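Here is what each chain is made of, one letter per residue.
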Amino acid sequence: YVITASYFWSNRDGSRERWDRGGGGGRGSMRGHSSDYDHDGGADGGQRDRPPPHLRGREIGLWYARYGAVRRKQADRRSVWVMYGRKQRSSQISEVGKHIVNTKNSSKLYHYILTVYLSMLLCLFSYSQAKDEPPDMWDEDEQEEDKEKLRIPDKDAEFLLQEIVRDRSLDDYLKSDLESKKSDMKYKEMLELVELINSNRVLVVSGETGCGKTTQVTQFILDDYINRGVGSTCRIVCTQPRRISAISVAERVAAERAESVGNGNSCGYQIRLQSRLPRRQGSVLYCTTGIILQWLRSDPLLSSISHLVLDEIHERNLQSDVLLIIVKDLLHMRDDLKVILMSATLNAEKFSQYFDNCPMIHIPGLTFPVKEFFLEDVVEMTRYQPQNRDRRSSWKRGFWQGHNSRPEKEVKEAEYREMWPCFARTLEGRYSHTTIEALEKLDNDDKIDLELIMALIHHIVREDEEGAILVFLPGWDNISSLNDLLMAQPMFRSDRFVIFPLHSLMPTVNQTQVFKKPPPGVRKIIIATNIAETSITIDDVVYVIDGGKIKETNFDTHNNISTMAAEWVSLANAKQRKGRAGRVRPGKCYHLYNNLRASLLDDYQLPEIMRTPLEELCLQIKILKLGSIARFLEKALDPPTEKAVNLSIKNLTDLNALDHAENLTALGIHLARLPVEPHIGKLILFGALLGCLDPVLTIAASLSFKDPFFIPLGKEKMADMKRKVLSRNSKSDHLTIVNAFQGWEDAKQRGARYEREYCWDNFLSANTLQMLHNMKGQFAEHLMHAGFVSSKDPKDPKSNVNSDNDKLIKAVIVAGLYPKVAMIRPCHSKKRVKVYTQADGKVCIHPKSVNSEETEFNYTWLIYHLKMRTTSIFLYDCTEVSPFSLLFFGGDITIQRDEDQETIAVDQWIVFRSPARIAHLVKSLKKELDSLLEEKIRNPAPVDWQNRQSKDCAVITAIIDLITTQENYFPRSILQRSYGEKGSYIRALKLFY
DNA sequence: ATTAAAACA
C-alpha cells in the first residue's frame, strides 16, 4: 500500500528571511511596494508568509486575505498531480480521499492513495528550509542585517513610530484567522499521518529535499504523544548522514519550538565528540548514523527508544545500509519500536519492499521550478562548435576503461553507441544541422568540454537575469582548468564577477564569502565538485551547469585494489544538482549530456556497501554479535559480492583479528572497539605499547579522518614546498603531519593570533587540526578503558617515553600498516625512483607525498596506507622504513640459503642478506617480542618503563635500541638483486653488511 | 607517463 499525502506548509521561511535582508536584488520587501501586493511572488518569489513591514492596519488584513487565496490556488494546482515513482510516472488524484492507483507491478500491488491537504500548516508551523551551511555563516548574516538596518533608517522608523489605533476589522480578521487555524480540517488530517505511524511499525516517508520531512515528521510524532498525555513515553531518534545537518536540523527544530538546542529541552543533537542532549523523555534527538551503531554495543535492542527515524536513506551510505539490516532484525525482537524511513522519491518503493511492503506516504516538495536543458539545447542556444582534439585522450580512455569501469558501465556504453544513430535522426528538424554535427563531435570525446562551459556561462551572463551560477565538475583538475580559462578573460577578472572554486581540499570551503549574496550587478560563479550537491548549500544559485560526471571510488575485487574514476552521474545526482538552482526563485539547469545519455543514466550510484572494503564493517558485525558475516551481509538491501566479503574476512584473519572459525581474537576485540579501521587500530595499540602515544595518535587520527593540509588553487607547488619543509627530511608523510600538528599546538599555546598565523603560513586547516586533537582524546580514552595506558591524556609523560624517537615511530607505523609495503628501486638514468609492491608491480608515489620527488632514500622500503588506482596506481601517503622495523614488526620470518647467500625474509618477499647466525638471533628476538605483545593484548597493562628489570621492558628496550641505532652497526642497505616472477615483479632485496 | 569525491564513530 502506498499512501500519498500532500502537505502545503510554507517551506520557504529561510528564503523569506534572506529576502527581507537582501534589499539588493529582486523582490525584496524593503524595496517592493505594489509588487508585494499582486503577488505571484507570494508563491514563487520573495515574501512568503508574512506581510511586508511597510503595510499598516487594514492593509495587513487585506494582505493576509489575498495571500491566503493565492496560496490555496497554488495548493490546489499542485495537488492535482502528485509525481510518483521512477521515471516520473504520475498518479492522478482527483479528490481528497482514498483511490486505488495502478502502478508498475500492477498484478501484485495496488496502492491506496490518500491525499492529505495541509495547506494551513504554514500558519501552525513556521518551517524553513534545512540548510547545510557551517554555523559561522549565521554570524555573518547577522552582521549583514545590522548593516541593512543602518542603510534604511527611515523604513524602520516608519514601522516603529507609527500610531497604533484600534482597527476592528483587523481584530475580526485576526480572531477568525486564529480560529480557522485551530479547527481547520487540514490540521486534523495532519494527525492522520501520525495515526499512520501509530498504526504501523514501519513507514516509508518519501519526499524531495525541501519538503520539510526532516523537521516536521519528528515534531508531529512528539506533539501527538504530548497531546495524548503520554509525552514521557516518547523518545525519538533521527539519524542524519552528515554532522552538519544533524546540528542544523536540531537548531531549526528547536527554534520552531521556541527553545534552545539541548539543555534538557525537547530537541538536541549528538555527533562524534560533540553533543547537546535533550531531556531523556519526550524529546527528539538528531544524531549521525554512526552514533546509533555505537549505541547498539551497549544496548542491542535500543530499548529506550520509541521511534527510530532514518533520514536520507536514499543516499545509500554504508552506515545507513547496515543500520537497515539491523533494524529489520530488531523489529522481530521489539514489537513496540516504530521505524520511519525517510527517502527521496526516486527509490522509496525499494525500501518499502525491503520492509515487507510497508506503507508509504509521499510528501511533495515545494522548491521552485527549475527548467532543464540538455546538451543539444545548450549547443543550439550557444551555437557552440567544438574544437578538434588530438586523439591521445581517446586512446588513453580506451586503455584505462577496461581497468577502471564496472562491466555494467561498458554494457551501457555499447548500448549508447548502438542507439546513437537512431537518436541523431530524432534530432533532425528539431535542431539545426550545425548542432547535430557538433553533438557528434562532442560525443567522441570523453572529457568534459570546458570551452562549452565557457560558452554557456557567456550565454547566461549575456541573456539571462542576475543570479549565481554553479558549475559541477568531477575534480580538481577540471576546476582548476575552468578557473584558469575564466581568469584568462578580462571580463571575468573585472569586479562584475566573483569566482569561487569549491573543493574539499581548498580553503574556500571555510569561507563565508562563498555563501554571501554578492552586491547588485556582481555575478557569483561557483565551480564545485559534488561537495555542492549535499554538503555545501549556496542559496542564491539560480543557474546550475551539470558537467554530467562524478568521481566514484570502486573496489576492484579482481585486482584487489581501490579505484577512482570519473563516471556519468546518476539520475539522483542530476536531480539533486538541478534542485540546487531552485532555492530562492525559479532557476535553470543545464546538463552537459544529451537526452539519449540522460535516458541511459542509472537511477542511483552503486550503494557504498558494494564499493568499499569491508574489513571494519566485518569487525563491527562481530562485536555486535550479529552472527556469521556472510549471512548478515546477505540480508542487505543490496548485498556486497561474496568475493568482497571473503576477501575482507581473509584480510582480517591475516591480521590476526579473526580466527579461522571467524571469531574475534583478543586483538580483534580491541580493534573492533576502536572507532577506526583495523590497521589504524593496530597502529594505535602499538603506539601505546611502545611509549610513543601522542605522535602515533596524531597519525592515526589523520589517516582515519583526513590530513590537515589545505591546497589553495594555483598554489599547489607552494603547498608542496610547505609540506616538504615540515617533513624535516623525515621522508615520511606521516611524520610531516606529526610535525605540523606539534607546530600548531605550540602556536596555539602562544595565542589565537599565532595559531591563525601558523595555519595560514603552512596551509593548514585549524578546523581539521582541532578535530584531530579531539579524536586523539577519544582514542586515548579507549586505550585507558582497555587498560593499555594509565591516563586518558594523549600527552601523559608515562605514555610518551619514546615519543621523540622518530625511528621508533616509523617502526610503529610498520606494525600498524603492515603488509602495505612497497619497495624502492633507485633509477639512475631518470630523476625519480621506481616503486613496486608485491601484488601490483610498479606503482607511483603520489605527487602530493613529500616523497614523490625524493631521490635520496636511506632505505629501500616504504610503508603506506592509501593506495588507489586512478590514472596509475598511486601510494597517497608513505614513510620510508628500515629493515629492522620490517623484521620485527612485519610478518613471519624465514631463514634460508638462497643461491649461496644466507638470507632472512619477511613473508617470503622482503628478503635481506644476512648470516644465519644473525638471522637466527633476529628471529628469536622477534619471537620474544611476539609472545610479549600477545600477552599484552590478552592482559592489557601499561608498560612499566621505570623497572628495567621487568621482562617487558628488557625485550622492548632491546628492540627499540636495535631499531634506533642500527645504522651505527650496519652500513646502508643496498639493493642487490631482483627478479621477476609471474605477476609480481620484484621478489628479493638484500641487506648487505 | 605528475595529482586530489564525499562522509562517519
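All values derive from a computational prediction rather than experimental measurement.

**Some details on the overall build of chain A**
Secondary structure summary: chain A contains 37 helices and 31 strands in total. Put simply, chain A has 993 residues, and 55% of those count as buried. Carbon and sulfur atoms make up 51% of the accessible area of chain A, which totals about 44400 Å².

**A few points about the side chain of Gln219**
By secondary structure assignment, the location of Gln219 is in helix α9 (residues 213-227). Residue Gln219 is classed as buried on the basis of its relative accessible area of 2%. Engagement of the side chain of Gln219 in a polar contact is seen with the side chain of Glu256, the distance being 2.7 Å. Gln219 has contacts with Val253, Glu256 and Arg257, leaving out every residue within four places of it along the chain.

**So, the sheet that holds strand β19 (residues 549-556)**
Pairing between the strands of a sheet comes from backbone hydrogen bonds, and it takes one of two forms, parallel or antiparallel. Reading across from one edge, β19-β20-β26-β27-β24-β23-β22-β25-β28 is the order of the 9 strands in this open sheet, with mixed pairing throughout. Among the strands making up the open sheet, the edge pair consists of β19 and β28 (878-881). Averaged over all neighbouring strand pairs, the angle between strand axes comes to 40°, with direction disregarded. The sheet contact formed by strand β20 (residues 561-568) and strand β26 (residues 867-869) spans 2 bridges and is parallel. Among the inter-strand pairings, Thr563 is bridged to a residue of β26, identified as Arg869.

**A look at the sheet that holds strand β16 (residues 497-502)**
With parallel pairing, the 6 strands of this open sheet are ordered in space as β14-β21-β18-β15-β17-β16. Because the sheet does not close on itself, it has two edges, and the strands there are β14 (370-373) and β16. On average, each strand axis in the sheet is inclined to that of its neighbour by 15°, with strand direction left out of account. Relative to strand β21 (residues 587-591), β14 runs parallel, the two sharing 4 bridges. Paired with Glu372 across the strands is Cys589, a residue of β21. This element, helix α22 (residues 571-579), spans β14, β15 (468-472), β18 (541-546) and β21 of the sheet and lies at about 150° to β18.

**Topic: the protein's contact with DNA strand B**
Near DNA strand B you find 42 residues, and of these Arg272, His503, Ser504, Thr553 and Glu616 are the closest. Backbone atoms, meaning sugar and phosphate, form 59% of the atoms of DNA strand B found within 4 Å of the protein. Between Ser535 and DNA strand B, the recorded distance is 3.2 Å, taken from a side-chain N or O atom to a phosphate oxygen. At 2.7 Å, a side-chain N or O of Thr870 approaches a phosphate oxygen of DNA strand B. Only α11 (289-298), β19, α24 (615-623) and α30 (716-727) provide two or more residues apiece to the surface near DNA strand B. The dominant element in the surface near DNA strand B, judged by the number of residues it contributes, is α11, at 3 residues. A breakdown of the residues in the surface near DNA strand B according to their chemical character gives 14 nonpolar, 16 polar and 12 charged.

**What to know about the domain arrangement of chain A**
According to the domain assignment, chain A contains domain 1 (177-363), domain 2 (370-388 + 397-610) and domain 3 (613-664). Facing the 13 residues of domain 1 at the interface are 11 residues of domain 2. Summed over both sides, the interface between domain 1 and domain 2 buries roughly 1000 Å², with carbon and sulfur atoms accounting for 61% of that surface. Of all residues in domain 1, Arg316, Leu318 and Leu346 give up the largest surface area on contact with domain 2, accounting jointly for 48% of the area buried on that side. The partner of Glu208 in a salt bridge is Lys575, with the nearest N and O atoms 3.2 Å apart. For the side of domain 1 that touches domain 2, a count of residues per class yields 4 nonpolar, 4 polar and 5 charged.

**A word on the packing of aromatic side chains**
Tallying each qualifying case throughout the model produces 12 aromatic pairs. Here Trp861 and Trp909 contribute two aromatic rings whose centre-to-centre distance is 5.5 Å and whose plane-to-plane angle is 85°, an arrangement assigned as edge-to-face. Note that Trp861 is positioned in strand β25 (residues 861-864) and Trp909 in the loop between β30 (901-906) and β31 (910-913), a separation of 48 residues in sequence. Note on Trp861: relative accessible area 0%, which makes it buried. Three or more aromatic residues joined by ring pairs form one cluster here, namely Phe374, Trp568 and Tyr593. Over the ring of Tyr225 we find Arg228; its NZ or CZ atom is 4.8 Å from the centre of that ring. Against the face of Trp568 rests Lys549, its NZ or CZ located 4.6 Å from the ring centre.

Rules used throughout
Residues numbered from 1 in each chain as written. Chains lettered and ligands numbered in written order. Predicted model: local features only at pLDDT ≥ 70, side-chain atom pairs only at ≥ 80, totals over all residues. Heavy atoms only, no water. Helix = DSSP H or I, 4+ residues; strand = E, 2+ residues; numbered from the N terminus. Buried < 20%, exposed > 50% of the residue type's maximum accessible area, 1.4 Å probe, protein only. Areas by Shrake-Rupley, 256 points an atom, 1.4 Å probe, with all protein chains shown as cover. Polar contact = N/O pair within 3.5 Å; in protein donor to acceptor, adjacent residues only side chain to side chain. Contact = heavy atoms within 4.5 Å. Pairing = 2+ DSSP bridges. Axes fitted to C-alpha atoms, helices over the stretch in contact; angles between N-to-C directions. Near = heavy atom within 4 Å. Nonpolar A, V, L, I, M, F, W, Y, C, P; charged D, E, K, R; others polar. Domains from an automatic or database assignment. Buried area = accessible area lost by both parts, 1.4 Å probe. Salt bridge = Lys/Arg side-chain N within 4 Å of Asp/Glu carboxyl O. Phe/Tyr/Trp six-rings, centres within 6.5 Å; stacked < 30°, edge-to-face > 60°. Lys NZ or Arg CZ within 6 Å of the ring centre and 35° of its normal.

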